[in-house]
Amino acid sequence: MTEQGQNGDGRAILEVKNLKKYFTVGRRVSLKAVDGISLEIKKGETFGLVGESGCGKTTVGRVLVRLYEPSDGEVLFAGEDVHRTSGDEAKVLNRKMQMIFQDPQASLNPRMVVSDIVAEGIDIHNLAGSKKERLDRVHELLETVGLSKEHANRFPHEFSGGQRQRIGVARALAVEPEFIVADEPVSALDVSIQAQVINLMKRLQRERDLTYLFISHDLSVVKYISDRVGVMYLGQLVELADSAELYANPLHPYTRALLSAVPVPDPDYEAERERIVVEGDLPSPVNPPSGCRFRTRCPQAVEAAAHVDPPWREAKPGHWIQACPCFA
Amino acid sequence: MEMNGDNILEARDLLVSFSTYAGEVQAVRGVTFDLRRGETLAIVGESGSGKSVTAKSIMRLNPEANTIVGGGEILFDGRDLLKLSEKQMQRVRGPQIAMVFQDPMTSLDPTMKVGNQIAESLRKHLGMSRSRARERSVELLKLVGIPNAEERVKQYPHQFSGGMRQRVVIAIALACEPQILIADEPTTALDVTIQAQILDLLRELQEKIGTSVILITHDLGVVASVADRIAVMYAGKIVEIGTVRETFYDPQMPYTWGLLASIPLPTADRSQDLIPIPGSPPDMSDPPKGCPFTARCPYAMQVCPTEFPEYTVFSAEHKAACWLHHPMAPNVEPPVRIRGTR
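Residues numbered from 1 in each chain as written. Chains lettered and ligands numbered in written order. Predicted model: local features only at pLDDT ≥ 70, side-chain atom pairs only at ≥ 80, totals over all residues.

## Remarks on the overall build of chain A
As a reminder, the rule being used: Numbered from the N terminus, helices here are DSSP runs of H or I no shorter than four residues, and strands are runs of E no shorter than two. Radius of gyration here uses only the C-alpha atoms, and the compact-globule reference equals 2.2 Å multiplied by the residue count raised to the power 0.38. In this scheme the burial state of a residue depends on its C-beta neighbours within 10 Å: 20 or more other such atoms mean buried, 12 or fewer mean exposed, and anything in between means partly exposed; the C-beta positions come from the backbone. Any residue pair is listed as a contact if its two C-beta atoms, each placed from the backbone, are within 7 Å.
From N to C terminus, chain A includes 10 helices and 12 strands. For 328 residues, the compact-globule estimate of 2.2 N^0.38 gives 20 Å, and the C-alpha radius of gyration of chain A, at 21 Å, lies within 12% of that figure. Each of the three principal axes of chain A carries a C-alpha extent, and together these read 70 × 50 × 40 Å. Sorting the 328 residues of chain A into buried and exposed places 49% on the buried side. Taking the intrachain contacts of chain A between residues at least 6 apart in sequence as the baseline, contacts between residues at least 24 apart amount to 64%.

If you want it as structure tokens, here you go:
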């Protein structure tokens, strides 16, 4: 890995193999939210997953932590098939894999006080021997995420958005997970607060050797926080590389268009930059285009793209692409 | 009422508050700005900074029941909009000043064909006949880049995607070629590729029609890409205002520094932490007496909480309110690094 080599020691903690998740949306009609995704996440790294709304990135995150069962394919966590475990084994896996949600308002029970929200996992997994130990753990967690013990007896509505997201982080940390899926964790926050939460997540990763799957539509945030980034389009990965490499040398036309659409807070740069304009809207995942899925909007689409399913291949070491005939 | 000829709109000392069960919330506390003919002025700030309330005050769209306009004037066309009757105001909204909101689904009527929604304002404000208005709505849909416009006018909003809906809303807003377009977070609900399409469209239409635009947003990237000038709001006040270049490259007050420093740039060094603004914005039902940013400001001095600073003028366009510019204040280097994105 490049400059950011400090995260990740190269061993895969999570392997996703040809994962598919279809939702039934009518009689014999299925929505292909995730349609054949394979990737590995290394221990201690942050893997960023980007794409536009409807590309399936949230579904991937939810299948990984077993909020959904996959339609096909498998997810291995430390070698164990996540969706084939049951009983105590499943419970152990649930503890090791946690999730942080986008909307801290919606993901915290408004009728529970913070200490009960944070300690719910501790209770379920019997991680505290006594009431005092439980409370000590809660206080410690709150302090870890930058809140104070006085907050333990308050309700979620008494907090600001940024503080609520800290509670969500504390809840995820309570069961000492190894892997956290963070689904748009800062998207609902103001920029000045976003930076607080991003810094917090980075610090916790350093201190606790956490592995993150960071899902976001905000490409600047993803670039900043991730070691490697995967770009999704209509249920498939189109490109995957080291974060710096992906942003410096995007190969797939969709990645290029996506990156060129992000407005940068630099007026001179904005005045001169050339955008790659993507025409039209996202096709329906119920009936995705044949062959290369991006071809209907691709500025360089070629005839052949409709007939071949582009193969997933390594263009250079560590840089994977869906090799559409239009560029490969 | 006297207005500078370059200006299409002037807001002076605007004070707006809301009475709520928890007391009076002072949303806008003395806001003054001009809007020039043909320019795009961005108003940025965090949620609760008063940027949307300012915009809605121009349109007089704040809820009548609990809004208290405590003072100030909004001059447009030689008249004070705050003094117009509701009837007079209805002749301003739409034909002269139009507004685009964040969520296109809630600004469209789900039970009405989009063609009729566009034609409605054409017939009401411009007195067009039914058939002329129908033709014009097709033209407008084409203008905002909706393919197959002849068929699309007969469809309902739910048959459009998010980006297409926002185009319809823009078509309605521009139907009567208003002099001012107020766009309140027009692309926040959209994906980046669609956002780029809509921003291009707004730029293009502005060139064609010559409308002045007030753009409300929290996204400094969007500001850099479309705005001429920027007003930074914090806790109901404009704390810095200037051309986009001056404000981004030579920001003059710690809140603007903080905003610019807290966003990850494409060139950001990942091993360096972002510089967040600590804490959270003040409670506007009891706003601080002095500079409202004091509690979060790393450079706060004794004087800051006691009195709101005068504006210091840096150029014809650029001014900021901060005690650091007082002759007796210490010299402080801003922690910002915006230049050299490439």
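That was the structure; now back to the text.
## Considerations on the overall build of chain B
The number of helices and strands found in chain B is 11 helices and 12 strands. C-alpha atoms of chain B, sized along the principal axes, occupy 70 × 50 × 40 Å. Sorting the 342 residues of chain B into buried and exposed places 48% on the buried side. Of the contacts formed within chain B by residues at least 6 apart in sequence, a portion of 65% connects residues at least 24 apart.

## Examining the interface of chain A and chain B
Put simply, the rule is: Under this grouping Gly is polar, as are all residues other than the nonpolar Ala, Val, Leu, Ile, Met, Phe, Trp, Tyr, Cys and Pro and the charged Asp, Glu, Lys and Arg.
Facing 37 residues of chain A, the contacting portion of chain B comprises 39 residues. Elements that contribute at least two residues to the side of chain A that touches chain B include exactly helix H6 (191-208), helix H7 (219-225), helix H9 (253-261) and helix H10 (267-272) of chain A. Sorting elements by how many residues they give to the side of chain A that touches chain B places H6(A) first, with 9 residues. Looking at the side of chain A that touches chain B residue by residue, the class counts come to 18 nonpolar, 10 polar and 9 charged.

## Considering the sheet that holds strand E12 (residues 319-322) of chain A
All names here are of chain A. This is how the line gets drawn: A pair of strands is treated as paired once DSSP finds two or more bridges between them. To get an axis, fit a line to the C-alpha atoms, keeping to the stretch in contact for a helix; angles then go from 0 to 180 degrees between the N-to-C directions.
The sheet built from 8 strands is open, its strands ordered E6-E7-E8-E3-E9-E10-E12-E11 with mixed pairing. One side of each edge strand has no neighbouring strand; the edge strands of this open sheet are strand E6 (97-100) and strand E11 (312-316). With direction set aside, neighbouring strand axes in the sheet form an average angle of 20°. Sheet contacts for helix H5 (residues 161-173): E6 and strand E7 (179-183); angle to E6, the most-contacted strand, approximately 175°.

## Structural notes on the sheet that holds strand E5 (residues 80-81) of chain A
Residue and element names in this part refer to chain A. With respect to topology, 4 strands assemble into an open sheet ordered E2-E1-E4-E5, the strand pairing being antiparallel. Two strands in the sheet have a free side with no partner beyond their single neighbour: strand E2 (29-42) and E5. Set on the sheet, helix H1 (residues 57-64) makes contact with strand E1 (12-26), E2 and strand E4 (72-77); between it and E2 the angle comes to about 65°.

## What about the pairing of strand E2 (residues 23-36) of chain B?
Residue and element names in this part refer to chain B. Summarising the sheet, strand E1 (residues 7-20) and E2 pair through 11 bridges and their orientation is antiparallel. Bridge pairing in E2 links Val 16 to Val 28. The hairpin formed by E1 and E2 contains 2 residues between the paired strands.

## What about the nonpolar core?
Most often, soluble globular proteins keep nonpolar side chains buried together rather than apart. Defined as follows: The term nonpolar core means buried Ala, Val, Leu, Ile, Met, Phe, Trp, Tyr and Cys residues held together as one set by C-beta atoms within 7 Å.
One finds Leu213(A), Ala171(B), Ile214(B) and Val239(B) to be the most contacted residues of the largest nonpolar core, which totals 191 residues. A total of 8 residues in this core trace back to one element, the largest contributor, which is helix H7 (residues 162-174) of chain B. Beyond its immediate sequence surroundings of up to four residues, Val239(B) is in contact with Val232(B), Met233(B), Tyr234(B), Met253(B), Tyr255(B), Phe293(B), Ala320(B) and Ala321(B).

## Considerations on the confidence of the model for chain A
Residues and elements named next belong to chain A. Which entries qualify depends on this criterion: Per residue, pLDDT measures the predictor's confidence, with a range of 0 to 100.
When pLDDT is averaged along chain A, the result is 91; 97% of the residues meet or exceed 70. Across chain A, strand E3 (residues 46-50) holds the top mean pLDDT of 97, while H10 sits lowest at 90. Contacts of residues 1-6 to residues separated by more than four positions or lying in other chains number 11 contacts, the stretch itself having pLDDT below 50.

## Let's talk about the environment of Ser121(B)
Residues and elements named next belong to chain B. With respect to the helices and strands, Ser 121 occurs in helix H4 (residues 114-126). The buried category is assigned to Ser 121, around which 20 C-beta atoms lie within 10 Å. With 55 residues separating them along the chain, Ser 121 and Cys 176 place their C-alpha atoms 7.5 Å apart. Ser 121 has contacts with Gly 94, Ile 172, Ala 175 and Cys 176, leaving out every residue within four places of it along the chain.

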